[in-house]
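Next come the chains, spelled out residue by residue.
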Amino acid sequence: MNETSSQPKPLTIGVFDSGFGGLTVLRALLPLIPHAHYIYLGDTARLPYGSKSRETIARYAVSSSRFLLDQGADILVIACNTATALALPEIQAAAHPIPVFGVIQPGAEAALPASRNGANDANDKKCHPERSAKREVEGPAVHTAGAPNVLVLATTATVQSHAYLQALTALGLPATEKACPLLVPLVEEGWIDHPVTAEVLRIYLLEALAEAPNATTLLLGCTHYPLLKPLIETTLRNLRHPMHIIDSAQATAQAVASHLPPSSTNQPTTCNFYATDSIEKFQHLGTNFLGQPLNHVHHIDLGG
Ligand code: DGL
């Protein structure tokens, strides 16, 4: 992948996560919006966000977003459920008038049955990149028989915010949230197919299914969790409770793409990567997560 060249300035998309997890969103964005320059920031020094207070998460998320804006981002993709759930208004205020896309609303909408999950409100989304759950509550929330019963796995902070519960309830979908605080450190360690991770997952899913025995759809409410999808599928099979698994990466990428006018350039994709902790670790693990080499990783110090 090339670093920034001296060609005319392409659309610059800033993508932010507390760590590697947001690379799953970047991976979904690349084929949908190929003629763009991407700047990815993994705030690895301050990770995990998911165990911190709203104030701290907002401070970290805003300073990370400001960094991307200073690098020339034309739009921001908050590829972190925790930052979206706890700090979206603060990020939007700091970024104004730059559009900010979060992952919660696209993720919740992806849980809708196909008949209700479409680009039918694409124009509305153009005006409201991340629509608020409150706004959704104002509409008719039809609770149809046979609607998906959603189990959301997420970080502790995301679960405590109930951002998914509100967004899904507003869409008329019954939902249960389950905090899985050990999964992010295991993914950041690269233990995506490790017996310890398998056992931790088994315990979390057993606990969650005891609370939500009728769950039909598993929503991965953390951008780190798609890396565990194969292990989650195996675990669910072993528990004899297969479920439809949704991650918000694809839905978020589609929401961003539908917001943009058709590209007027044929420039190749370029990416710059920044990490606030070890470049070597980011490069090594990130390459696996993105599915292609991360050639240009820079260190940036955003303070504490
Ligand atoms: N990737 C983040 C998310 O989607 C969580 C990682 C963290 O706890 O920092 O919620």
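Residues numbered from 1 in each chain as written. Predicted model: local features only at pLDDT ≥ 70, side-chain atom pairs only at ≥ 80, totals over all residues. Heavy atoms only, no water.

So, on to the nonpolar core. Among the nonpolar cores identified, the biggest contains 58 residues, and Leu23, Tyr38, Leu218 and Phe273 are the most heavily contacted of them. Among residues more than four places away in sequence, those in contact with Phe273 are Leu23, Leu26, Tyr40, Phe282, Leu290, Leu294, His296, Val297 and His298. (Core = buried A, V, L, I, M, F, W, Y, C linked by side-chain atoms within 4.5 Å. Buried < 20%, exposed > 50% of the residue type's maximum accessible area, 1.4 Å probe, protein only. Contact = heavy atoms within 4.5 Å.)

Take the site of the ligand next. As a structural note, the neighbourhood of the ligand is formed by 14 residues, with Ser18, Tyr49, Asn81, Thr82 and His224 the closest of them. In this structure, Gly50 approaches the ligand through a main-chain N or O atom, which is 2.8 Å from an oxygen atom. Protein coverage of the free-state accessible area of the ligand, which is 300 Å², stands at 99%. Of the residues belonging to the shell around the ligand, the class tally is 6 nonpolar, 7 polar and 1 charged. (Near = heavy atom within 4 Å. Polar contact = N/O pair within 3.5 Å; in protein donor to acceptor, adjacent residues only side chain to side chain. Areas by Shrake-Rupley, 256 points an atom, 1.4 Å probe, with all protein chains shown as cover. Nonpolar A, V, L, I, M, F, W, Y, C, P; charged D, E, K, R; others polar.)

Our focus in this paragraph is unusual backbone geometry. Going from Leu47 to Pro48, the amide bond is cis rather than trans, its omega being 0°. Geometrically, the link from His96 to Pro97 is a cis peptide bond, its omega value of 10° lying close to zero. Structurally, Pro97 is set in the loop between α3 (81–95) and β4 (100–101). Positive phi, close to 55°, is recorded for Arg240, a residue that is not glycine. (Helix = DSSP H or I, 4+ residues; strand = E, 2+ residues; numbered from the N terminus.)

Quick look at the pattern of salt bridges now. Under the criterion given, the structure shown has 3 salt bridges. The salt bridge involving Glu207 is made with Lys178; its shortest N-O contact spans 2.5 Å. Of the two residues, Glu207 is situated in helix α10 (residues 195–211) and Lys178 in strand β6 (residues 175–179); the sequence distance between them amounts to 29 residues. Here Glu207 falls in the partly exposed class, since its relative accessible area comes to 40%. Residue Arg202 pairs with Glu199 through a salt bridge whose shortest N-O separation is 3.1 Å. (Salt bridge = Lys/Arg side-chain N within 4 Å of Asp/Glu carboxyl O.)

Mapped onto the elements, His299 comes out in strand β10 (residues 297–299). Distance in space between the C-alpha atoms of His299 and Ser278 is 7.4 Å, their sequence separation being 21 residues. Those residues in contact with His299 that lie beyond four places of it in its chain are Ala275, Thr276, Asp277 and Ile279. A polar atom in the side chain of His299 sits 3.1 Å from the backbone oxygen of Thr276.

Overall, the prediction assigns the protein chain a mean pLDDT of 88, with 87% of residues at 70 or greater. Every residue in residues 131–144 is under pLDDT 50, and counting partners more than four places away or in other chains gives 26 contacts. (pLDDT = per-residue confidence, 0-100.)

The next subject is the packing of aromatic side chains. Applying the stated rule across the entire model yields 6 aromatic pairs. An angle of 50° between the planes, with centres 6.2 Å apart, marks the rings of Tyr40 and Phe273 as tilted. Of this pair, Tyr40 sits in strand β2 (residues 36–42) while Phe273 is found in strand β9 (residues 270–275), placing the two residues 233 residues apart along the sequence. We classify Tyr40 as buried; its relative accessible area is 0%. A residue is classified by how much of its surface remains accessible, and Phe273, at 1% relative accessible area, is buried. Relative to Phe282, the ring of Tyr40 has its centre 6.0 Å away and its plane inclined at 45°; by these criteria the two rings are tilted. Highlighted residues: Tyr40 in strand β2 and Phe282 in helix α13 (residues 279–290), separated in sequence by 242 residues. (Phe/Tyr/Trp six-rings, centres within 6.5 Å; stacked < 30°, edge-to-face > 60°.)

With that out of the way, let us pick up the pairing of β9. Summarising burial for β9: 6 of the 6 residues are buried, a large majority. The pairing of β2 with β9 spans 6 bridges and is classified as parallel. Across the sheet, the residue bridging to Leu41 is Tyr274, located in β9. Both β9 and β10 contribute to a ladder of 3 bridges, which runs parallel. Counted as the bridge partner of Ala275 is His299 from β10. You can see the chain leave β9, run along α13 and come back into β10, and the turn it takes is right-handed. (Pairing = 2+ DSSP bridges. Right-handed = clockwise from strand over helix to strand, strands pointing away.)

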